[in-house]
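# Results of the structural survey
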Amino acid sequence: MVKRKEIKDTDVDMGGTDPRVENDSDSDEDIDMVNVDFEWFDPDPEVDFHGLKNLLRQLFDNDAQDLDMSALSDLILSQAWMGSTIKTDGKESDPYAFLTVLNLQEHKDKPIIQSLTRYLHQKATTNPALSPLVPLLSAPQKIGLILTERLINMPAEVVPPMYTMLQQEIAHAVADNEPFDFSHYLLLSKTYEEVQSKLDMEESRPTKKGKKSSAAKTDRFFFHPEDEVLEKHALCAGSFEYSRKQDDGHSDSKRAFQELGIRTKGSLILIERGRLEGAVKAMAEYVGAGGQ
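None of the values given here were measured: they were computed from a predicted structure. The numbers attached to residues start from 1 for each chain and follow its sequence in the written order. Where local features are concerned, this predicted model is filtered to residues with pLDDT of at least 70; where side-chain atom pairs are given and counted, the filter is 80 or more; whole-chain, interface and lining totals use all residues. Computation of side-chain values covers all heavy atoms of the structure but excludes hydrogens and water.

### Considering helix α8 (residues 276–287)
Spelled out, the test is: Helix and strand assignments follow DSSP, with helices taken as H or I runs no shorter than four residues and strands as E runs no shorter than two, numbered in order from the N terminus. Helix span, expected: 1.5 Å multiplied by one less than the number of residues in the helix. Using a 1.4 Å probe on the protein chains alone, a residue whose accessible area is under 20% of its type maximum counts as buried, one over 50% counts as exposed, and one in between counts as partly exposed. For this quantity, the arc is that covered by the directions from the helix axis to the C-beta atoms. Any pair of residues with heavy atoms lying within 4.5 Å of one another is described as a contacting pair.
Here α8 contains 12 residues, and its C-alpha end-to-end distance of 16 Å stays within 8% of the 16 Å for a straight helix at 1.5 Å per residue. For α8, every residue scored as buried is listed here: L276, A279, V280, M283, A284 and V287. Projection of α8 onto a plane perpendicular to its axis shows the buried side chains occupying an angular sector of 140 degrees, all on one side. In α8, the exposed positions angled more than 90 degrees off the buried face are occupied by K281 and E285. Looking at the buried side of α8, the elements it contacts are α5 (159–175), β6 (184–195), α7 (226–232) and β9 (261–272). Within two residues after α8, G288 carries a phi angle of roughly 80 degrees, on the positive side.

### Observations regarding the packing of helix α2 (residues 69–78) against helix α3 (residues 111–124)
To be explicit about the condition: The angle between two axes is taken between their N-to-C directions and runs from 0 to 180 degrees, where each axis is a line fitted to C-alpha atoms and a helix contributes only its stretch in contact. Under this scheme an angle from 65 to 115 degrees is roughly perpendicular, one under 35 degrees roughly parallel, and one over 145 degrees roughly antiparallel; angles in between are oblique. Crossings are classed by handedness, with left-handed meaning an anticlockwise turn of the near helix from the far one by less than a right angle and right-handed meaning a clockwise turn.
One way to put it is that α2 packs onto α3 with a least axis distance of 9 Å and a crossing angle of 110 degrees. Taken as axis vectors, α2 and α3 run roughly perpendicular relative to one another. For the pair α2 and α3, the sense of crossing is left-handed. Residues A71, L72 and L75 of α2 pack against I112, I113 and L116 of α3.

### Overview of the confidence of the model for the chain
Applied cut-off: For every residue, the pLDDT score states the predictor's confidence, bounded by 0 at the bottom and 100 at the top.
On average, residues of the chain score 83 in pLDDT, and 74% of them reach the 70 mark or higher. Below pLDDT 50 for its whole length, residues 5–27 participates in 42 contacts with residues either more than four positions away or in separate chains. Low confidence marks residues 207–216, where pLDDT is under 50. Its contacts with residues over four positions away, or in another chain, come to 0 contacts.

Here's what the structure looks like:
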C-alpha cells in the first residue's frame, strides 16, 4: 500500500515530563514535550485487522459486543483505497487512528450493514434532535457513514488532514463512477457527561436527612474536540444512550484525571454534502492544524 503523508519531528504535548529537560531554578515549569513522527497509510488488510477492530470496539463502547466488529473491520479493509490510518512505527505497526466512509446503500444487503443501520435508526429515534435522520435511515439513501477513532492521547491536529484526504478520495471515486456520491454524511462519535462519583457520595453522606435538590442540567462534553465544530455545520446532531448500561462503578473507573466520574454516550452528526468542506476547514482552524 502507498504511504500517504508524513509529519517529521512533530512536537506533541503528551502530558509527561521530558527527561531531557534539565531542571532550571529560573524556570517556573518544565516543558512537557515529546517528538513523535506520524505517518499516514492506506488501510492494509494484511496488517490492520486487529488494530482496526480494537479502535472500532472503542468507538462503539458498550454496544460493540452487539455488533459484528470483525465483519465491520473486513468491510472497511475491503475498500483499502478509501480512508486513512495513522501509525508511528511503520506500515507493519498497529494504527493509532483511522478514518473512512462506508456507503450504507451500496452495502445494504450485507448483514453487518443491516444490523448497523437498524442500530443507528433505533438510536436516532431516542433523541428528538436527531429526527431529520430517522427517515434517511428508514429506506436506502445516499448516506456516507463516517467512522473514525483514535487512541486517547492522539492530538486532534492529526484529524483535519485525514478528512482532507478523504474528500479528495471521494472526489476521485465519483469521477470514476464509483458509488461514493453521497447526499449526506453521518458521523458516529462519542460524548460524555460528568457524574457524581459513587465513592465521593459514600464518603460525604449527610448526617441528617434533607430535601433533595433539583437536578441541574447535565453538560455534554466531547471526546473529540473537532466534533464541536462539525456539529455547528450539521443538519442535526445529538447524543444517545448505549443499549448496554454501565454498572455503578464504571464512571469511577474513568476518573483518573478528574474529580468527577464520567458516563459515556454515543453521538450522531448528520452533515449535508455541500457543507462538509466548510466544516473541515473550520475544524482545521479550531484545532490549529492546516487541512493538507
